[in-house]
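Inside the fold
Letter by letter, the chains look like this.
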Amino acid sequence: DPGLITALVERWRPETSTFHVSFGEVTITLEDVATLTGLAIDGDAVVVDIPGEDWSAMCLRDFR
């Protein structure tokens, strides 16, 4: 949801790693991410190494 992402970006404060909202400061936990995305947070980490992949370019790629 582009509108939600924009709203979160506008409220992010990198110096404190928190979001500033009308009722104070909040941060997002790993449990919050799991709840919102439905991804499991227990078990081993999944690590993928793709030789030759430019990770910085991939992170900046527009996936729309």
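Below, the structure is looked at part by part. Keep in mind that what you see is a predicted model, and the values were worked out from it rather than measured.

Conventions used here
Residues numbered from 1 in each chain as written. Predicted model: local features only at pLDDT ≥ 70, side-chain atom pairs only at ≥ 80, totals over all residues. Heavy atoms only, no water. Helix = DSSP H or I, 4+ residues; strand = E, 2+ residues; numbered from the N terminus. Rg over C-alpha atoms; globule rule 2.2 N^0.38 Å. Buried < 20%, exposed > 50% of the residue type's maximum accessible area, 1.4 Å probe, protein only. Lys, Arg positive; Asp, Glu negative; His and termini not counted. Charge placed at Lys NZ, Arg CZ, Asp CG, Glu CD. Pairing = 2+ DSSP bridges.

This paragraph deals with the overall build of the protein chain. Within the protein chain, the regular secondary structure consists of three helices and three strands. Starting at the N terminus and ending at the C terminus, the protein chain contains elements arranged as α-β-β-β-α-α. Over its C-alpha trace the protein chain gives a radius of gyration of 15 Å, far above what one expects of a compact globule, namely 11 Å for 64 residues. In terms of overall dimensions, the protein chain has C-alpha extents of about 45 × 30 × 25 Å along its principal axes. Going through the 64 residues of the protein chain one by one, you find that 5% of them count as buried. With 4 positive and 12 negative side-chain charges, the protein chain shows a spacing of 11 Å between the two charge centroids.

Two modes of strand pairing occur in sheets, parallel and antiparallel, and in both the strands are linked by backbone hydrogen bonds. Ordered by their spatial adjacency, three strands build an open sheet running β1-β2-β3, and the pairing between neighbours is antiparallel. Unpaired on one side and paired on the other, β1 (12–13) and β3 (24–26) mark the two borders of the sheet. Here three bridges tie strand β2 (residues 18–21) to β3, and the two strands are oriented antiparallel to one another. Of the residues in β3, the one forming a bridge with Val21 is Gly24.

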